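# Descriptive analysis of the structure
The lines below spell out each chain.
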Amino acid sequence: MIKAGIIGATGYAGGELVRLLLGHKEAKIVWYGSRSYVERKYADIYQNMFQLVDDICQDDNMEAMAEQVDVIFTATPQGLCASLVKEEILHKVKIIDLSADFRIRDVSVYEKWYGMEHRAPQYMKEAVYGLCELNREAIKKARLIANPGCYPTCSFLSVYPLVKEGLIDPDTLIIDAKSGTSGAGRGAKVDNLFCEVNENIKAYGVTGHRHTPEIEEQLSLAAGKQVLINFTPHLVPMQRGILVTAYASLKKDISYEEVKAVYDRYYEKEYFVRVLPEDVCPQTRWVEGSNFVDVNFKIDPRTKRIIMMGAMDNLVKGAAGQAVQNMNLMFGVDEAEGLRMAPLFP
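To start, this report covers the structure provided alongside it.

About the criteria used
Residues numbered from 1 in each chain as written. Predicted model: local features only at pLDDT ≥ 70, side-chain atom pairs only at ≥ 80, totals over all residues. Heavy atoms only, no water. Helix = DSSP H or I, 4+ residues; strand = E, 2+ residues; numbered from the N terminus. Buried < 20%, exposed > 50% of the residue type's maximum accessible area, 1.4 Å probe, protein only. 1 Å grid on protein atoms, 1.4 Å probe; cavity = no way out; pocket = protein on both sides within 12 Å on 5 of 7 lines; lining within 4 Å. Points joined across faces, edges and corners; volume = space filled by probe spheres on them. Nonpolar A, V, L, I, M, F, W, Y, C, P; charged D, E, K, R; others polar. Axes fitted to C-alpha atoms, helices over the stretch in contact; angles between N-to-C directions. Parallel < 35°, antiparallel > 145°, perpendicular 65-115°, else oblique. Left-handed = near helix turned anticlockwise from the far one by under 90°. Contact = heavy atoms within 4.5 Å. Expected span 1.5 Å × (residues − 1). Pairing = 2+ DSSP bridges.

## Quick notes on the side chain of Ser34
Considering the arrangement of structural elements, one finds Ser34 in the loop between strand S2 (27–33) and helix H2 (42–45). The exposure class assigned to Ser34 is buried, which follows from its relative accessible area of 3%.

## Things to note about the layout of surface pockets
By rolling a water-sized probe across the atoms, one finds the places where empty space is left. Looking at the largest pocket, its volume works out to about 1500 Å³. If you trace the largest pocket, you find 49 residues lining it, with Pro77, Gly183, Ala184, Gly185 and Arg186 closest to the centre. Taken together, the elements giving at least two residues each to the lining of the largest pocket come down to helix H1 (12–22), helix H8 (150–164) and helix H12 (316–330). The greatest single-element share of the lining of the largest pocket, amounting to three residues, is contributed by H1. Here the lining of the largest pocket is built from residues that sort into 18 nonpolar, 23 polar and eight charged. Approximately 590 Å³ is the volume found for the second largest pocket.

## Some remarks on the packing of H1 against H12
Where H1 contacts H12, the axes come no closer than 9 Å and their chain directions differ by 45 degrees. By the angle class used here, H1 and H12 are oblique. Of the two elements, H1 crosses H12, and the hand of that crossing is right-handed. Where H1 abuts H12, its residues Ala13, Glu16, Leu17, Arg19, Leu20 and Leu21 lie against Val316, Ala319, Ala320, Gly321, Ala323, Val324 and Met327.

## Focus on helix H10 (residues 212–223)
With twelve residues, H10 extends 16 Å from end C-alpha to end C-alpha; this agrees with the ideal 16 Å at 1.5 Å per step. Across the twelve residues of H10, ten count as buried, placing the element largely inside the fold. Within H10, the full set of buried residues consists of Thr212, Pro213, Glu214, Ile215, Glu216, Glu217, Gln218, Leu219, Ser220 and Ala222. The inward-facing, buried residues of H10 contact helix H6 (107–114), strand S5 (128–129), helix H7 (132–141), H8, strand S7 (174–179) and strand S9 (230–235). Just downstream of H10, Gly224 is the residue with a positive phi angle, here 75 degrees.

## Structural notes on the pairing of strand S12 (residues 293–300)
For S12, the buried fraction is high: six of the eight residues fall into the buried class. Pairing of strand S11 (residues 273–275) with S12 involves three bridges; the strand directions are parallel. What sits directly across from Val275, in S12, is Val295. Both S12 and strand S13 (residues 305–312) contribute to a ladder of eight bridges, which runs antiparallel. Each residue of the ladder has a partner; that of Val295, found in S13, is Gly310.

No statement about biological role is implied by the geometric values presented.
As structure tokens, this is what we get:
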């Protein structure tokens, strides 16, 4: 049995980790960490856990936690994991960090985009980027995982096969993404109040969203050269879900069948990536509550461009589900354990 501890267990991603791990046959949560709710019953904060979780929230003492668990999930804001991790802890436990602290290899890029000094730069190159479909073998041997961001996961999986195969010009790539409000976290913010979000859609972080360098770094590795993109996220009035619509110029004339064969070749063995039939566009409602990513594409022969699309649940595959998928790989457990639930509808 894998003993797990969660720092940030009362945030949205942390709460989703609890939900998923409760249904995991090989894992048990032994530490519910929450700086805001120390000594409060977890089920008092999330009443859906009434009679399911009797534990009391503890603090975020990573050193003490490392004595009791096999893996630590840090579902916390940027900067916290980097401020706590040290060699003595990594000798005892594996860490899966859901923040951006170790997603970007270049410390200067991280510090520029996140506006803070990195507290543990010595681990930047060691940390494995935890996109299971791409780095499965490295994840199995890792002791520190950088769990990918929600927008980068959906964006990358939607466009990766065509970037890797050189079928599109990555310099023409534009990614338009829309997310539900849970992506902004559980903290109280005026912009996330019901009256601010309801009956409204808005772009934010235009030309400067923090996930941009993460997407660019992974696409650059796939393309074998530096890639710069336009990435524009939007906030939509729903709780969960991400929809990505990406546009790029094709390098040559190509048929639907040829592009479909590429997607199928890359994802035919990937349980959680579903390549949809022709002319079926991904929708967030068909992935909600699940670890699935639905992807598809449409060729526009008039403009010689291709539209690549993806949909997923930002709290599951975009955060907690992907973290559990990483844990499964790290401990030699069936990769889909605890994650086979069908999407919720309605």
